[in-house]
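Remarks on the overall topology
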Amino acid sequence: GEKQTAGRQYDYVEVVKWFAERSALILLLFDAHKVDISDEFKKVIMALQSHDEKVRLVVNKADMMQTDELMHVYGGVMWFLGKVFKTPEVKRSYIS
């Protein structure tokens, strides 16, 4: 929310784009216990669309969840990202 951007002297999304252009691999980390994706993170994900071949998804803290809970979280993340990245195949993703 607002508290993350308060006092920031630069455009975070532009910085992410700059690094993405120079990176070979981009890891997007999702907290398995918090399916909600912040507005700022949505903007970052949208900004990475042109680099989708570099993007890997990591569902973090999955070891602390039951299998059915994890599948629910994973499905929610994939559903959201399917609307963002317009590719026919599922993004490569990892569970940690």
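Residues numbered from 1 in each chain as written. Predicted model: local features only at pLDDT ≥ 70, side-chain atom pairs only at ≥ 80, totals over all residues. Heavy atoms only, no water.

1. Let's talk about the overall build of the protein
Convention followed: Each helix is a run of DSSP H or I of at least 4 residues and each strand a run of E of at least 2, with the numbering of both proceeding from the N terminus. Accessible area is worked out with a 1.4 Å probe on protein chains only. A residue is then buried under 20% of its type maximum, exposed over 50%, and partly exposed in between. Two residues form a contact once any of their heavy atoms are found within 4.5 Å. Computed by Shrake-Rupley with a 1.4 Å probe, the accessible areas treat only the displayed protein chains as cover when residues are assessed.
Along the backbone of the protein there are 4 helices and 3 strands. Starting at the N terminus, the α and β elements of the protein follow one another as α-α-β-α-β-α-β. Within the span of the protein, comprising 96 residues, buried residues form 32% of the whole. In the protein, 79% of the contacts between residues at least 6 apart in sequence involve partners at least 24 apart. Entry remark: accessible area of the protein is about 6,700 Å², with carbon and sulfur atoms responsible for 55%.

2. Considerations on the packing of aromatic side chains
The condition that has to hold: Each Phe, Tyr or Trp ring, with Trp reduced to its six-membered ring, pairs with another whose centre is within 6.5 Å; inter-plane angles below 30 degrees give stacked pairs, above 60 give edge-to-face pairs, and intermediate values give tilted ones.
On inspection of all chains with the given rule, the structure shows 2 aromatic pairs. Ring plane angle 90° and centroid distance 4.9 Å describe the contact between Trp18 and Phe19, whose orientation is recorded as edge-to-face. On the basis of relative accessible area, Trp18 is assigned to the partly exposed category, the value being 44%. Between Phe30 and Phe41, the aromatic rings sit 5.3 Å apart at their centres with planes inclined by 50°, giving tilted as the arrangement. One end of the pair, Phe30, is in strand 1 (residues 26-31); the other, Phe41, is in helix 3 (residues 39-47), and 11 residues separate them in sequence.

3. Let's talk about the pairing of strand 1
Here is the rule we go by: Strand pairing follows a simple DSSP-based rule, namely that at least 2 bridges must link the two strands. Here a crossover is taken to be right-handed if, once the strands point away from the viewer, the path from the first strand over the helix to the second is traced clockwise.
The side-chain alternation of strand 1 yields one buried face, formed by Ile26, Leu28 and Phe30, and one unburied face, formed by Leu27, Leu29 and Asp31. Pairing of strand 1 with strand 2 (residues 55-60), which is carried by 6 bridges, proceeds in the parallel orientation. Looking at strand 2, one finds that Leu28 is bridged to Leu57. Of the crossover connections in this fold, the one passing from strand 1 over helix 3 to the parallel strand 2 is right-handed.

4. Some details on the sheet that holds strand 1
Here is the rule: Interaxial angle, 0 to 180 degrees, is taken between N-to-C directions of lines fitted to C-alpha atoms, where a helix line uses only the stretch in contact.
Spatially, 1-2-3 is the arrangement adopted by the 3 strands of the open sheet, whose pairing is parallel. Either end of the sheet is taken by a strand with one partner, and the two such strands are strand 1 and strand 3 (93-95). Direction aside, the axes of adjacent strands within the sheet are offset by 25° on average. Where strand 2 meets strand 3, 3 bridges bridge the pair, whose relative direction is parallel. The residue bridging Val59 from the neighbouring strand is Ile95, located in strand 3. Helix 4 (residues 67-84) rests against strand 1, strand 2 and strand 3 of the sheet, and its axis sits at about 150° to strand 2.

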